[in-house]
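Examination of the molecular architecture
Chain by chain, the residues run as shown.
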Amino acid sequence: MIRRTSLVLVGALMGATAMSVIYSAGVPAEAAGSSTYKELSVFGDVFERVRAQYVTPPAEDKLIENAINGMLSSLDPHSSYMNAKDAEDMRTQTKGEFGGLGIEVTMEDELVKVITPIDDTPAAKAGVLAGDYISEIDGQSVRGLKLEDAVEKMRGAVNTPIKLTLIRKGADKPIELTIVRDVVAVQAVKSRVEDDVGYLRIISFTEKTYPDMEKAIKKIKDTVPADKLKGYVLDLRLNPGGLLDQAINVSDALLQRGEVVSTRGRNPDETRRFNAGPGDLTDGKPVIVLINGGSASASEIVAGALQDLRRATVLGTRSFGKGSVQTIIPLGENGALRLTTALYYTPSGRSIQGTGITPDIKVEEPLPEELQGKMVTEGESSLRGHIKGQSETDEGSGSVAYVPPDPKDDVQLNYALDLLRGKKTDPAFPPNPDKAVVAK
């Protein structure tokens, strides 16, 4: 079983409480052509004119930072510049404990869009839903703000209130919520025993994920005798991603061998492959993986690896479809550059960028009456300026991201439990490892 130590992230989107990047050393760029440097001289001229003649003296550091972000935002939704504070915040967040409201967000149509609220955080408890748009923060419009600026406004001292104005599809008028900030200590893995089945929910991939998963499986084994344990449900729904090495380790924890994932850049020699080693923490017990439209990036790596290698059956609805890799290139005291440098591929060689993981068994999660018509399909393919995947079609990626708060109402979970207990049957369960689909 491999244990990688590199700090690598492949989360879905940067937000108030989440990251979206791979962390590694930068690679020197090739020299630009002479025409490019002539254009850069024009930029220098414009900068000097603005600095010297604008009606009010501008903040020069902000001018440069905004120019850099303008360039990066024209590439794709996941490339951006992080100043020194943002870079430090990112490093803090990878540890799995940070301050904030507890929401994963992106910027869309000049509004802050909620990807998902994190369980047991102030935002989730206050009623913030995936798909909500934040139009105002403490009475100030978010239009014209960068995502990082909006995030900064949502951060603050613990126990201080913040007022959010939300636009929700289907609601007659904006929704105003007052949320008290708190320390968001995200539990990476939640677990319980469902009679004779072990349930593991990975909330995010932080430095705590694999150790938490290892402890959770041991606790389940100690609770249910091996001859009584029917198998495990690995719940990756609403999981926006995180550290790549943790996604690899989680996959490896259930595999005996085989490629977990590969990343491929613009140059063939940049291809990296990550393989599993011997050692299955579940002792070969059947596994069913749950996914939905909130399952992105690192969680898609796990689902794709276990699906391709026929170690687990994937059940639910189509995942988010973020298959790009971001590299964090430190810029000394000036912060860091977050740049999309590669795409990742499942063992069969498929890129899920813009397509997502299609479950082996499709099971829709019914929406309660109060949410019907108010939640829409979300996916990478719907993000403006996203990199078009090699297999992307008009169908796109993603699906509704909803999980009932009460397990009794959870149709997808109960379907998985019935499969593991033999109350339901399906040709996709149990999968046959001898029929693993790998790239050749």
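Reading the values: the criteria
Residues numbered from 1 in each chain as written. Predicted model: local features only at pLDDT ≥ 70, side-chain atom pairs only at ≥ 80, totals over all residues. Heavy atoms only, no water. Domains from an automatic or database assignment. Buried area = accessible area lost by both parts, 1.4 Å probe. Salt bridge = Lys/Arg side-chain N within 4 Å of Asp/Glu carboxyl O. Polar contact = N/O pair within 3.5 Å; in protein donor to acceptor, adjacent residues only side chain to side chain. Helix = DSSP H or I, 4+ residues; strand = E, 2+ residues; numbered from the N terminus. Nonpolar A, V, L, I, M, F, W, Y, C, P; charged D, E, K, R; others polar. Contact = heavy atoms within 4.5 Å. Buried < 20%, exposed > 50% of the residue type's maximum accessible area, 1.4 Å probe, protein only. Pairing = 2+ DSSP bridges. Axes fitted to C-alpha atoms, helices over the stretch in contact; angles between N-to-C directions.

Going by an unreviewed UniProt entry, the chain carries the name Carboxyl-terminal processing protease and comes from Rhizobium lentis.

**Things to note about the domain arrangement of the chain**
Looking at the assigned domains, one finds that the chain contains domain 1 (97-184) and domain 2 (189-435). Distance from the C-alpha centre of domain 1 to the C-alpha centre of domain 2: 26 Å. With both chains or domains summed, domain 1 and domain 2 bury close to 1300 Å², and 52% of this area falls on carbon and sulfur atoms. Per-residue buried area on domain 1 facing domain 2 is highest for Thr 116, Asp 119 and Lys 169; these three make up 32% of the total on that side. There are 3 salt bridges connecting domain 1 and domain 2. Where domain 1 packs against domain 2, one counts 2 residue pairs in polar contact (both at pLDDT 80 or more). At the level of secondary structure, the elements contributing two or more residues to the side of domain 1 that touches domain 2 comprise strand E4 (103-108) and strand E5 (111-117). Partitioning the side of domain 1 that touches domain 2 into residue classes produces 3 nonpolar, 3 polar and 9 charged.

**Quick word on the environment of Val 112**
With respect to the element layout, Val 112 can be found in strand E5. C-alpha of Val 112 to C-alpha of Gly 321: the two residues are 209 residues apart in sequence and 20 Å apart in space. Among all residues touching Val 112, those that are not within four sequence positions of it are Val 105, Thr 106, Met 107, Asp 132, Tyr 133, Ile 134, Val 142, Ala 150 and Met 154.

**Here we look at the side chain of Gln 246**
Within the fold, Gln 246 resides in helix H7 (residues 244-252). The exposure class of Gln 246 is buried, given its relative accessible area of 7%. In this structure, Gln 246 is in contact with Phe 205, Thr 206, Glu 207, Thr 209, Tyr 210 and Pro 211, ignoring residues within four places of it in sequence.

**With respect to unusual backbone geometry**
Geometrically, the link from Phe 429 to Pro 430 is a cis peptide bond, its omega value of -10° lying close to zero. Positionally, Pro 430 belongs in the segment after helix H9 (411-420). Despite not being glycine, Asp 138 has its phi angle at roughly 50°, a positive value. Tracing the backbone shows Asp 138 in the loop between strand E6 (133-137) and strand E7 (140-141).

**Considering the sheet that holds strand E11 (residues 189-194)**
The mixed open sheet is built from 6 strands, whose spatial order is E11-E12-E13-E16-E17-E20. Edge strands, defined here as strands with exactly one partner in the open sheet, are E11 and strand E20 (361-362). The pairing of strand E13 (residues 231-235) with strand E16 (residues 287-291) spans 4 bridges and is parallel. Within E16, the residue paired with Tyr 232 across the bridge is Val 287. Most of the contacts of helix H6 (residues 209-223) go to E11, to which it runs at about 15°, and overall it touches E11, strand E12 (197-202) and E13. Contacting E11, E12, E13, E16, strand E17 (313-316) and E20, H9 crosses the sheet at an angle of about 165° to E16.

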